[in-house]
Amino acid sequence: MFSEQAAPTAQGLLAPPSGQPPTFPRVAVAGYSDLSQPFRLGERSFGRQYAHVYAVRLAGMRPGLERRARGRWGDDIALRRLSELQEGEKCCVVGTLFKAMQLQPSILQEISEEHNLVPQPPLPKYIQPSDELMLEDELQRIKLEGAIDVQRLVTGTIVAVYGCEQEDGRFLVEDHCLADLPPPLPWSGPSSDRFVLLASGLGLGSVSGEALLSTQLLVDVVTGQLGAEGEQSCAAHITRVILAGNLLSQNTQSRDTINKAKYLTKKTQAASVEAVKMLDEILLQLCTSVPVDVMPGEFDPTNYTLPQQPLHRCMLPLASAYATLRLVTNPYQASLDGVRFLGTSGQNISDIFKYSSMDDYLEILEWTLLAGHISPTAPDTLGCYPFYKSDPFILTECPHVYFCGNAPRFQSKLLQGKEGQRVLLVMVPDFSATQTACLINLRDLSCQPIAFSSFGADTDD
Amino acid sequence: MEQPRRITDSFPRRRRRRGPGRPPGRLKDRKDKDKDKDKDKAQLKVRDCPRCPSQPPPDPALMEMLRRFDLSWEYGPCSGITRLQRWERAQELGLSPPGPIRDALLEHRDNPDVTY
């Protein structure tokens, strides 16, 4: 977008400044509605067990899966519960998957620290060939084997399996299916070019300040203070900026104060305090010009369990004076100009990456959409609030843009569904590492990366 | 014996306040106390008298029906939420829980034995 429209006007930079510099009004915000109400928790009570989450997940997704199973294997297949299974009878069972993994870190490792046993170091992937899959419904569980990819699937997915029970008590799977894409939403996108900038992983407060210049360049481009008139007019088409998590860097999470002696740490300030001040100043510059949605991430000062609640506005005193700043939850769902956005800050995808053989983040993102659930591994390996009434992570409608923050690199794909769904899958890269953000065109659901690079202290020239 | 023996008959309960979401065992014991006042029991740490001042003890048939609602597996786990919450959740998920249960729960709203 920027390059083709900016080039003709580049000569304008070499001309003397005109008396009346041209101004480009930003395109007005046409329709915005925040649909992340299910992710906002009011009064939180942790006195419940997690069995409720799995029970409502299964009960909520069972009708859809039964419909899918009938459509795939015929209307006359037998849908049974595990308690009604008979040996040798071909039937279909809907249930939750559980993967028994040997390397999965458990709470016992914390206990082992007390007993001076060596705890297991964090591994990039916890899969092993000896992992086993089990299917659970409301009452029983059964071991699965057969035409089902044990390495690929993760705990918490709701599947329908077709096969028969064998004499040794295992279920031989001939075929299985997931919930598939949710029903499509009607399209009412804008007719002219409107852009949304997605960035994540600003990583403020890190030890090296190299990404700071890139962050400042990003802010300058969006507010129109960079480039010739062509670039400024392009920037005026950006209607919104969404910051998808990890605004603070992992370095701010040091827990030295817990381990070191009190006299060493008495006067030290938490590293996140300075980082949040920097964030406030950056957001102030952005908010004066464009609406900004700020989602919390893994290293941000909010709760750990999903859904993460919005950052509190008392931490951002300068920026929260502006109504253009919106502090939102993670995951975040909103309708911008008739286009439905849904996305997370990346914890769900990286958790599935650790427990599945899928290596490509975009493939995992697509898989969660096909499984009909944003984060199936919560609450097993990813912290989750103990819901009891309904599971808000179940996908009931197909979003138009489905994004995930803090990916190792930029990836995007336009997915077409059988019922006319069109989803743009976007992996937003980690800005502190890649200095790349994404621009999404709402008119035709196209996405392009925008990279800011600067010459560091150690590069020549 | 007309009542099944419980472990709390022989072991006294400790003085410890519990939060919301009491396990079913405790509930049955408290119902027991309502019916068999002459049984020699250990001290109850939470007395029901200050909370529900002048109410007649609920109908044992009603308590039996509620207990059966708790233990029926179709409506999901019963621990940690009130019976009314569980009933409404079952209703929303389309599991058609029986109507009389809800009426009974609303009727005896202030009785903690009933609302769980």
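Residues numbered from 1 in each chain as written. Chains lettered and ligands numbered in written order. Predicted model: local features only at pLDDT ≥ 70, side-chain atom pairs only at ≥ 80, totals over all residues. Heavy atoms only, no water.

Asks: Pulling in residues and values, what's your account of the layout of surface pockets?
Replies: All names here are of chain A. Of the pockets and cavities examined, the largest pocket occupies roughly 1400 Å³. As for the largest pocket, its lining consists of 44 residues, and the residues nearest its centre are E298, F299, Y304, D351 and K354. The set of elements that each furnish at least two residues to the lining of the largest pocket consists of α3 (108-114), α9 (347-355), β14 (401-407) and α11 (431-434). The element best represented in the lining of the largest pocket is α9, accounting for six residues. Broken down by class, the residue content of the lining of the largest pocket amounts to 17 nonpolar, 20 polar and seven charged. Looking at which domains feed residues into the lining of the largest pocket, each of domain 1 (23-43 + 183-253 + 269-451) and domain 2 (50-105 + 123-177) supplies at least three. (1 Å grid on protein atoms, 1.4 Å probe; cavity = no way out; pocket = protein on both sides within 12 Å on 5 of 7 lines; lining within 4 Å. Points joined across faces, edges and corners; volume = space filled by probe spheres on them. Helix = DSSP H or I, 4+ residues; strand = E, 2+ residues; numbered from the N terminus. Nonpolar A, V, L, I, M, F, W, Y, C, P; charged D, E, K, R; others polar. Domains from an automatic or database assignment.)

Asks: Break down the side chain of A:S36 for me, citing the residues and quoting the values.
Replies: Of note, A:S36 is situated in the loop between β1 (32-34) and α2 (51-73). Discounting chain neighbours no more than four positions away, the residues touching A:S36 are A:T329, A:P331, A:Y332 and A:Q333. (Contact = heavy atoms within 4.5 Å.)

Asks: Please set out α9(A) residue by residue, giving values where relevant.
Replies: Given 3.6 residues per helical turn, the α-helix brings residues three or four places apart onto the same face. Residue and element names in this part refer to chain A. Buried residues dominate α9, accounting for seven of its nine residues. Along α9, the residues classified as buried are Q347, N348, I349, D351, I352, F353 and Y355. Along its buried surface, α9 packs onto β3 (90-100), β13 (339-344), α10 (361-371) and β14. (Buried < 20%, exposed > 50% of the residue type's maximum accessible area, 1.4 Å probe, protein only.)

Asks: Which residues make up the packing of aromatic side chains, and what are the values?
Replies: Residue and element names in this part refer to chain A. Summed over all chains, the structure comprises ten aromatic pairs over all chains. When the centroid spacing of 5.2 Å and the interplanar angle of 80° are considered together, the rings of Y385 and F387 count as edge-to-face. Each member of the pair, Y385 as well as F387, is classed as buried. Ring centres of F431 and F452 lie 6.0 Å apart, and the angle between their planes is 55°; this geometry places the pair in the tilted category. Of this pair, F431 sits in helix α11 while F452 is found in the segment after β18 (446-451), placing the two residues 21 residues apart along the sequence. Take F431 and F452: they sit in the same class, and that class is buried. (Phe/Tyr/Trp six-rings, centres within 6.5 Å; stacked < 30°, edge-to-face > 60°.)

Asks: So what's going on with the interface of chain B and chain A? Which residues, and what values?
Replies: Listed by partner, the interface residues are ten residues for chain B and twelve residues for chain A. When the area that chain B buries against chain A is broken down by residue, the three leading residues are B:W73, B:R89 and B:L93, summing to 47%. On inspection of chain B and its partner chain A, the count reaches one salt bridge. A salt bridge links A:K389 to B:E92; the nearest nitrogen and oxygen atoms lie 3.6 Å apart. Where chain B touches chain A, the interface holds four residue pairs in polar contact (both at pLDDT 80 or more). (Buried area = accessible area lost by both parts, 1.4 Å probe. Salt bridge = Lys/Arg side-chain N within 4 Å of Asp/Glu carboxyl O. Polar contact = N/O pair within 3.5 Å; in protein donor to acceptor, adjacent residues only side chain to side chain.)

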